[in-house]
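# Observations on chain architecture
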Amino acid sequence: MPGESGRWKYRRSAVDRLRLDDVVTLHHGTKDTLRLRMDADPYWQGSGPRPRQGLIMLVATVVDSGARVVVAVPPGEVVRFGVDTF
């Protein structure tokens, strides 16, 4: 994504409870809003960065740019991303 690096950026984020056409709106920090479409199998299986302990890593595509992102989410919040089980 323009202006972003491949490094983790931990920010307080909020997920809009309303999902339209399976698109999740994530307000990431105070300035960025990402419209995400979760992968069919949304659980990150790759190598590389690990989230803080106790978080689940989900994979999605940013609708507007096509960028692939990994989002670290508390287990109790994965349902907000349209993920029912983990």
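Refer to the structure printed above.
## Notes on the pairing of strand β2 (residues 23–28)
Strand residues, when the strand is regular, have side chains that alternate between the two faces of the sheet. Across the six residues that make up β2, a large majority, five, are buried. Where β2 and strand β3 (residues 32–43) come together, six bridges link them in antiparallel fashion. From the neighbouring strand, H28 faces β3, where its bridge partner is D32. Adjacent in sequence and paired antiparallel, β2 and β3 are bridged by three residues, among which G29 carries a positive phi angle near 75°.

## Considerations on the nonpolar core
L26, L36, M38, L58, V71 and F81 are the most contacted members of the largest nonpolar core, which has 17 residues in total. Looking at this core, the elements with two or more residues in it are β2, β3, β4 (56–62) and β5 (68–73). Top contributing element to this core by residue count: β4, with four residues. Excluding residues within four positions of it along the chain, F81 makes contact with V15, R19, V24, L26, L36, M38, L58, V71 and V73.

Conventions and cut-offs
- Residues numbered from 1 in each chain as written.
- Predicted model: local features only at pLDDT ≥ 70, side-chain atom pairs only at ≥ 80, totals over all residues.
- Heavy atoms only, no water.
- Buried < 20%, exposed > 50% of the residue type's maximum accessible area, 1.4 Å probe, protein only.
- Helix = DSSP H or I, 4+ residues; strand = E, 2+ residues; numbered from the N terminus.
- Pairing = 2+ DSSP bridges.
- Core = buried A, V, L, I, M, F, W, Y, C linked by side-chain atoms within 4.5 Å.
- Contact = heavy atoms within 4.5 Å.

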